[in-house]
Amino acid sequence: FIVLIGTVLFSPFFRMENVIISGNYQLTDQEVLALTGMEYGDHLFTIDKSREKEIIRENPYISDIRIRASYPSTLKIEVSERRKIAYIKTPDGYIAIDDEGTVLEFSSDYNESVHPVICGLDIDHVIIGEKLDIQDDIKYQKMIIVLGAVLAADMNSMRADHYSFFDSLLEVRIIPSGYIFLKVRLPEGSALQVKLADIDSISDDMHWLMYSIEEDAFYNAPPGALDMTGDKYIYREYM
């Protein structure tokens with residue numbers, strides 16, 4: 001029996017030659033494999049299942065992970081990831097959050113990858129991997145609804161150049177008066193400022209805006225802002 005166990009443990013047939021990873025979007029296959037501590041050539045009987053809880057605890061992007069052997073020589077890793085939907089501006093920089101308000105990462109400086117940015121919220125403190133304590137904040141809820149409406153409108157896009165409304169949303173800002181301001185990068189590269197009264201008709205408003213962008217309604221428009229607060233939408237040039 002002991003001889004049999006030794007034969008299995010040292011057999012080359014049970015060493016890792018293939019890796020199948022699924023469910024990862026934010027993390028690369030190489031990054032996921034590195035988290036497990038496994039390398040090609042390792043024996044599949046050395047898989048440390050306790051690493052699953054450690055990985056979830058240490059990496060906020062991973063909400064669940066399953067590591068298992070598929071004999072004779074394949075390691076299978078199934079990942080459930082949190083998806084980053086926006087950044088929130090804080091006095092110290094920018095925090096990335098998922099759709100449940102879990103803090104995924106922190107960036108002290110602004111760069112092109114930091115968007116859409118939610119502005120106008122009061123953030124006392126944040127902890128990476130934990131949810132923000134502003135889940136009941138009405139301004140936060142409104143902004144999440146706006147993001148959802150933009151994403152829904154984006155899914156119906158018919159542009160041949162695969163322009164993404166959501167990926168082009170640079171900023172969502174709410175001010176004390178209740179007005180909501182959007183900053184959107186247009187297909188040709190310029191930025192469009194949009195003013196909204198509230199979220200009562202946000203779904204229709206965002207579908208209309210997406211359609212207008214698709215039809216190049218703002219192509220080569222002079223610097224200005226789109227006012228969508230009234231019954232009629234008005235584009236006003238900056239003076």
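Quick caveat, the model's predicted, so the values are computed rather than measured. (Residues numbered from 1 in each chain as written. Predicted model: local features only at pLDDT ≥ 70, side-chain atom pairs only at ≥ 80, totals over all residues. Heavy atoms only, no water.)

Draft legend 1. Just helix α2 (residues 29-36), in detail. V32, L33 and T36 are the residues of α2 that are buried. Each buried residue of α2 lies within a common arc of 95 degrees when the element is viewed along its axis, so the set occupies one face. Away from its buried face by more than 90 degrees, α2 exposes Q30 and A34. Each element contacted by the buried residues of α2 is listed here: β1 (18-22), α3 (51-58), β2 (62-70) and β3 (74-81). Trailing α2 by a residue or two, G37 shows a phi angle of about 80 degrees, which is positive. (Buried < 20%, exposed > 50% of the residue type's maximum accessible area, 1.4 Å probe, protein only. Helix = DSSP H or I, 4+ residues; strand = E, 2+ residues; numbered from the N terminus. Arc of directions from axis to C-beta. Contact = heavy atoms within 4.5 Å.)

Draft legend 2. Representation of the sheet that holds strand β10 (residues 191-196) within the structure. The sheet built from 9 strands is open, its strands ordered β6-β5-β4-β7-β8-β9-β10-β11-β12 with mixed pairing. Either end of the sheet is taken by a strand with one partner, and the two such strands are β6 (103-107) and β12 (234-237). Across this sheet, the average inter-strand angle for adjacent strands is 25 degrees, counted without regard to direction. Contacting β4 (86-90), β5 (93-97), β7 (117-119), β8 (169-174) and β9 (180-185), helix α4 (residues 138-155) crosses the sheet at an angle of about 150 degrees to β8. Along the sheet, helix α5 (residues 202-214) makes contact with β9, β10 and β11 (224-227), crossing β10 at roughly 155 degrees. (Pairing = 2+ DSSP bridges. Axes fitted to C-alpha atoms, helices over the stretch in contact; angles between N-to-C directions.)

Draft legend 3. How the structure looks around α4. Taking 1.5 Å of rise per residue, 18 residues should cover 26 Å, and α4 covers 26 Å from first to last C-alpha, within 8% of that figure. Considered for burial, the residues of α4 that qualify are Y140, K142, M143, I144, V146, L147, A149, V150, A153 and D154. The backbone nitrogen of K139 lies 2.8 Å from a side-chain oxygen of the residue at the head of α4, namely D137. (Expected span 1.5 Å × (residues − 1). Polar contact = N/O pair within 3.5 Å; in protein donor to acceptor, adjacent residues only side chain to side chain.)

Draft legend 4. View of the environment of V79. Along the chain, the position of V79 falls in strand β3. For V79 and V32, which are 47 residues apart along the polypeptide, the C-alpha to C-alpha distance reads 8.5 Å. Setting aside residues up to four positions removed in sequence, V79 forms contacts with S22, G23, N24, V32, I62, D64 and I65.

Draft legend 5. Fine view of the sheet that holds β1. An order of β1-β3-β2 is seen for the 3 strands of this open sheet, with the pairing classed as mixed. Edge positions in the sheet fall to β1 and β2, since each has one partner strand and no second. Averaged over all neighbouring strand pairs, the angle between strand axes comes to 15 degrees, with direction disregarded. In the packing of α2 onto the sheet, the strands contacted are β1, β2 and β3, and the crossing angle to β3 comes to about 105 degrees.

Draft legend 6. Fine view of the packing of aromatic side chains. Evaluation of the coordinates by the stated rule reveals 6 aromatic pairs. On the basis of an interplanar angle of 55 degrees and a centroid distance of 5.8 Å, the ring pair of Y94 and Y110 is categorised as tilted. Taken together, the positions of Y94 in strand β5 and Y110 in the loop between β6 and β7 put the pair 16 residues apart, joining distant regions of the chain. Taken together, the ring pairs in this structure connect F14, F45 and Y71 into an aromatic cluster. Over the ring of Y25 we find R83, and its NZ or CZ is 4.4 Å from the ring centre. (Phe/Tyr/Trp six-rings, centres within 6.5 Å; stacked < 30°, edge-to-face > 60°. Lys NZ or Arg CZ within 6 Å of the ring centre and 35° of its normal.)

Draft legend 7. Just the confidence of the model for the chain, in detail. Looking at the chain as a whole, the pLDDT averages 88, with 92% of positions reaching at least 70. Highest mean pLDDT in the chain belongs to β9 (96); lowest belongs to helix α1 (residues 2-9) (48). Low pLDDT, under 50, characterises residues 1-6; the stretch is placed with 0 contacts to residues that sit more than four places away or in other chains. (pLDDT = per-residue confidence, 0-100.)

Draft legend 8. Molecular detail of the pattern of salt bridges. Applying the stated criterion to the full structure yields 10 salt bridges. Ionic pairing is found between E54 and R51, a salt bridge with its closest N-O pair at 2.7 Å. With a gap of 3 residues between them, E54 and R51 both fall in helix α3, about one helical turn apart. For E54, a relative accessible area of 26% puts it in the partly exposed group. The salt bridge involving R173 is made with E171; its shortest N-O contact spans 3.1 Å. Of the residues examined, R173 reaches a relative accessible area of 33% and is grouped as partly exposed. It is possible to trace a salt-bridge network through shared partners that takes in R51, E54 and E58. (Salt bridge = Lys/Arg side-chain N within 4 Å of Asp/Glu carboxyl O.)

Draft legend 9. Fine view of the nonpolar core. The biggest cluster of nonpolar side chains holds 41 residues, and the ones touching the most others in it are I88, L147, F165, L182, M206 and L209. Those elements that place two or more of their residues in this core are β4, β5, α4, β8, β9, β10 and α5. With 8 residues, the top contributor of residues to this core is α4. Setting aside residues no more than four positions away along its own chain, L147 makes contact with I85, A86, P116, I118, F166, L169 and V172. Counting residues in each nonpolar core, the second largest holds 15 residues, with M16, V32, I47 and I55 among its members. (Core = buried A, V, L, I, M, F, W, Y, C linked by side-chain atoms within 4.5 Å.)

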